[in-house]
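# Structural overview
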Amino acid sequence: MISPSVHAEEAAEIAPATGREIKLFDGKSLKNWKETDFGGQGEAHVEDGILLIDQGEPLSGINWSGEKLPNVNYEISLEAKRVDGNDFFCAITFPVVENPCTLVLGGWGGSLIGLSNVNDFDASENDTTDYYSFENGKWYKIRLRVDEEMIRAWIDGEQVVKLNHKDNRISVRIEMELSKPLGLATFQTTGAIRNFTLRELQPKARDSKAAPTPKGEN
């Protein structure tokens, strides 16, 4: 619930996207996905409506092979958990206009979060570097939003990333090039995913102070 002290502009940023929805995972199969050929990767498979990405040596993952997806003005939401292991259980590679980026959750020993890369620095050494206490076996609600200026991410409703991508150089680590245009990856860890969707952001409302249309004109 948004606090009354949050003004309208901030509330609009926090509110979930309400545009056209694309279901990225149907809960039944790997339709529109392929296993990412990292070399040494574990299997990706579906069990009881959950997408499991088994532990690899070191990386495992899947990348999108379906319809062309938006590269700006969209929001991805999913639930993710670390099933086994102690490193990142969900690294989301996603498009930012013409460039890809990766949101890392639980990396570098299990707690590091951030964007990789920003100005050629990975998630462990840039302005988005942060730490979060993840528990194995616990589901976390993730939201990732890319608009014309900002990249934002939330974990269980708490905003953990806010970066102006127009003022920074966005890229990925070389191994994550294989995850484009949209991908999920784990590092020596088994991860689980469910309720994985993408929504397009609605166009911004017209300026409420715009001059009214003169009478008699359509």
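What you see is a predicted model, and the numbers here were worked out from it, not measured in a lab.

### Points about the pairing of strand β6 (residues 74–85)
Strand direction decides the pairing type here: β6 and strand β11 (residues 140–146), joined by 7 bridges, are antiparallel. Paired with Leu78 across the bridge in β11 is Ile142. Bridge analysis of β6 against strand β15 (residues 189–200) gives 10 bridges, and the strand direction is antiparallel. Looking across to β15, one finds that Gly85 is bridged to Thr189.

### Things to note about the pattern of salt bridges
By the definition in use, this model includes 10 salt bridges. In this structure, Arg199 engages Glu21 in a salt bridge whose closest nitrogen and oxygen atoms are separated by 3.2 Å. Pair noted here: Arg199 is in strand β15 and Glu21 is in strand β1 (residues 21–23), with a separation of 178 residues, a long-range link. The exposure class assigned to Arg199 is partly exposed, which follows from its relative accessible area of 28%. Note on Glu21: relative accessible area 40%, which makes it partly exposed.

### Regarding a negative patch on the surface
A cluster of like negative charges, contributed by Glu35, Glu43, Glu47 and Asp48, occupies part of the molecular surface. Note that Glu35 resides in strand β2 (residues 33–35).

Definitions and cut-offs
Residues numbered from 1 in each chain as written. Predicted model: local features only at pLDDT ≥ 70, side-chain atom pairs only at ≥ 80, totals over all residues. Heavy atoms only, no water. Pairing = 2+ DSSP bridges. Helix = DSSP H or I, 4+ residues; strand = E, 2+ residues; numbered from the N terminus. Salt bridge = Lys/Arg side-chain N within 4 Å of Asp/Glu carboxyl O. Buried < 20%, exposed > 50% of the residue type's maximum accessible area, 1.4 Å probe, protein only. Patch = residues over 30% accessible without salt bridge, like charges linked within 9 Å, V, L, I, M, F, W, Y side chains within 5 Å. Areas by Shrake-Rupley, 256 points an atom, 1.4 Å probe, with all protein chains shown as cover. Lys, Arg positive; Asp, Glu negative; His and termini not counted. Charge placed at Lys NZ, Arg CZ, Asp CG, Glu CD.

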